[in-house]
Amino acid sequence: MVGGGNNAFIGAVHRAAALMDNHIELVCGCFSSHPDISLASGKEYFLPEDRIYFSYAEMIEREAALPEGERMDFISIVTPNVTHFGPAMMALDKGFDVVIEKPMTFTLDEAKQLRQKVEQTGRTLALTYTYSAYPAVKEARERFASGQFGKVRKIYAEYPQGWLTTRIELNPGSNAGWRTDPKRSGKAGCMGDIGTHALHLAEYISGLKCTEMCADLTTFLPGRGLEDDGAALLRFDNGARGVLMASQVAVGDENSLKVRIYGEKGGIEWRQEEPNTLLVKWPDRPTEIVRVGNAYMGPAAKANTRTPGGHPEGYVEAFANIYRNFARTVMARRDGRQPEASWLDFPGADDGVRGMQFIETVVASGYDEEKKWIKWIE
């Protein structure tokens with residue numbers, strides 16, 4: 001692991017998810033750029049001191065020199081955006097696979113370079129667009145792919161949060177500090193942090209690609225370095241139209257990600273805060289309530305469900321689905337076997353490039369005073 005020390009939030013989520021299915025164990029890490037935090041964290045995670053490192057470069061070099069079977073197999077990068085590219089590129093060069101937090105890189109150019117490196121090395125990269133790994137989301141994707149809703153016409157993806165309604169980034173130790181700092185987060189604030197999730201979910205479920213957008217971005221808190229609110233009109237490659245909204249100043253909202261997609265014959269609605277329920281809407285009969293864990297779910301949902309109906313699965317389990325599918329894919333490829341199709345269902349380098357293209361496009365449109373439509377930036 002790179003990052004994820006005992007003073008960080010997301011590292012603990014990644015570790016819990018990675019270990020859930022007994023395919024993965026934590027064997028080493030550089031958990032912080034501060035040596036004392038990295039050392040203390042590694043000891044807390046029961047690692048021997050010789051497998052606790054003080055830089056990602058030291059970790060990758062020393063692990064690569066260990067015999068096969070002793071060295072690490074892959075790295076998980078859970079650092080701020082500005083420090084994703086370096087360890088990912090070095091790990092791939094040294095023959096290691098990679099799991100990485102989103103957005104994949106700091107810039108679109110870095111994302112394209114990283115995708116090219118994945119292709120050149122033949123290694124496996126997984127990107128934690130977590131919400132696409134919920135069973136109900138996979139059920140929705142399968143239903144659209146089957147054609148039962150007909151051609152998609154309209155997509156709404158909204159992601160309101162309220163945690164940045166004051167300038168908490170000024171508080172020491174707040175993880176809002178790097179998220180609102182363009183030098184560490186990149187050129188987008190809430191759109192980079194959560195808007196990318198909304199866009200990925202809209203494309204993942206519908207099977208479509210956004211081709212144009214017209215956006216408006218706002219920074220409501222004076223002195224904040226990046227936007228904390230935004231919205232965009234979207235055009236998709238089949239002619240569908242969409243609306244995307246992301247805000248981190250929506251007072252009182254926690255993590256209210258919701259997607260609604262409508263086809264010619266029906267549509268769906270899914271809310272992250274009620275993740276085990278998928279609403280299926282029809283023109284000629286009442287709304288259908290589909291519940292995760294039941295026998296009527298499709299193959300993709302079943303393959304990513306661990307518990308019987310009525311036993312909630314959520315955020316950590318969705319992360320775990322990505323790690324499990326990634327691990328199964330890596331192990332199959334290492335053994336010369338073809339991974340099963342269901343194992344390959346996790347976000348990868350192409351999704352990472354799409355996310356960075358979204359950030360480039362939404363920022364270019366969002367700060368254009370004439371609010372022109374902008375084609376997807378390649």
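Shown above is the structure to which this text applies.
Residues numbered from 1 in each chain as written. Predicted model: local features only at pLDDT ≥ 70, side-chain atom pairs only at ≥ 80, totals over all residues. Heavy atoms only, no water.

Q: What is the right way to read the overall build of the protein from this model?
A: For the protein, the count of helices and strands is 12 helices and 12 strands. Relative to the 2.2 N^0.38 estimate, which gives 21 Å for 378 residues, the radius of gyration of the protein is 21 Å and therefore close to what a compact globule would have. The C-alpha extent of the protein, read off along each of the three principal axes, is 65 × 50 × 40 Å. Counting all 378 residues of the protein, 55% fall into the buried class. Within the protein, residue pairs in contact and separated by at least 24 positions form 65% of the contacts whose partners lie at least 6 positions apart. Once the 44 positive and 51 negative side-chain charges of the protein are each reduced to a mean point, those two points are 4 Å apart. (Helix = DSSP H or I, 4+ residues; strand = E, 2+ residues; numbered from the N terminus. Rg over C-alpha atoms; globule rule 2.2 N^0.38 Å. Buried < 20%, exposed > 50% of the residue type's maximum accessible area, 1.4 Å probe, protein only. Contact = heavy atoms within 4.5 Å. Lys, Arg positive; Asp, Glu negative; His and termini not counted. Charge placed at Lys NZ, Arg CZ, Asp CG, Glu CD.)

Q: Would you explain the pairing of strand E5 (residues 210-218) in this entry?
A: A regular strand places its side chains on the two faces of the sheet in alternate fashion. Pairing between E5 and strand E6 (residues 229-236): 8 bridges, direction antiparallel. Each bridged residue has a counterpart across the sheet, and for Asp216 the counterpart in E6 is Ala231. (Pairing = 2+ DSSP bridges.)

Q: Got a minute to help me understand the packing of aromatic side chains in this structure?
A: How two aromatic rings sit relative to each other is set out by the distance from centre to centre and by the angle between their planes. By the definition in use, this model includes 12 aromatic pairs. Judged by centre distance (5.1 Å) and plane angle (80°), the ring pair of Phe31 and Tyr45 falls under edge-to-face. You can see Phe31 sitting in the loop between helix H1 (10-19) and helix H2 (35-44) and its partner Tyr45 sitting in the loop between H2 and helix H3 (56-64), a full 14 residues away along the chain. With a relative accessible area of 2%, Phe31 lands in the buried category. Residue Tyr45 is classed as buried on the basis of its relative accessible area, which comes to 15%. (Phe/Tyr/Trp six-rings, centres within 6.5 Å; stacked < 30°, edge-to-face > 60°.)

Q: Even after reading the chapter, I still don't get unusual backbone geometry, so can you show me in this structure?
A: Leave glycine aside and you will find that most residues have negative phi; peptide bonds, for their part, are mostly trans. At the junction of Lys102 and Pro103, the peptide bond is cis and its omega measures out at -10° in the coordinates. Position of Pro103 among the secondary structure elements: in the loop between strand E2 (97-100) and helix H5 (108-121). Backbone geometry at Asn22 places phi at a positive 65°, although glycine is not the residue there. Among the structural elements, Asn22 can be located in the loop between H1 and H2. Judged by relative accessible area, Asn22 falls into the exposed class, the value being 70%. With a phi angle near 65°, Phe46 is a residue other than glycine that sits in the positive phi range. Residue placement: Phe46 occurs in the loop between H2 and H3.

Q: Help me understand the sheet that holds E5 in this model?
A: The strands making up a sheet associate through backbone hydrogen bonding, with each pair oriented either parallel or antiparallel. Spatial ordering of the open sheet is given by E11-E10-E9-E8-E4-E7-E6-E5-E12, a layout of 9 strands whose pairing is mixed. Each having just a single partner strand, strand E11 (288-291) and strand E12 (374-375) make up the two edges of the open sheet. Packing of helix H9 (residues 190-206) onto the sheet brings it into contact with strand E4 (152-160), E5, E6, strand E7 (241-247), strand E8 (258-263) and strand E9 (267-271), and relative to E7 it is tilted by some 150°. (Axes fitted to C-alpha atoms, helices over the stretch in contact; angles between N-to-C directions.)

Q: I would appreciate a short explanation of the pattern of salt bridges in the present structure.
A: Any two side chains of opposite charge can pair if their charged atoms end up close together. Scanning all chains against the criterion turns up 30 salt bridges. Lys187 is the partner of Glu360 in a salt bridge, and the nearest nitrogen-oxygen pair spans 3.2 Å. With Glu360 in helix H12 (residues 349-366) and Lys187 in the loop between helix H8 (182-185) and H9, this pair connects stretches of sequence that are 173 residues apart. Judged by relative accessible area, which is 17%, Glu360 ranks as buried. By relative accessible area, Lys187 is classed as partly exposed at 42%. Several salt bridges share partner residues, and in doing so they unite Arg167, Glu169, Arg224 and Asp228 into one network. (Salt bridge = Lys/Arg side-chain N within 4 Å of Asp/Glu carboxyl O.)

Q: Even after reading the chapter, I still don't get the side chain of His197, so can you show me in this structure?
A: Here His197 lies in helix H9. Contacts of His197, omitting those with residues within four sequence positions, involve Lys102, Thr128, Tyr129, Thr130, Tyr131 and Tyr159.

Q: Help me understand the pairing of E7 in this model?
A: Note that E4 and E7 share 7 bridges and pair parallel. The residue of E7 that forms the bridge with Tyr159 is Ala246. Note: E6 against E7, 7 bridges, orientation antiparallel. Paired with Leu234 across the bridge in E7 is Gly242. If you look at the hairpin formed by E6 and E7, you'll find 4 residues sitting between the two strands, and Gly239 has a positive phi there, around 95°.

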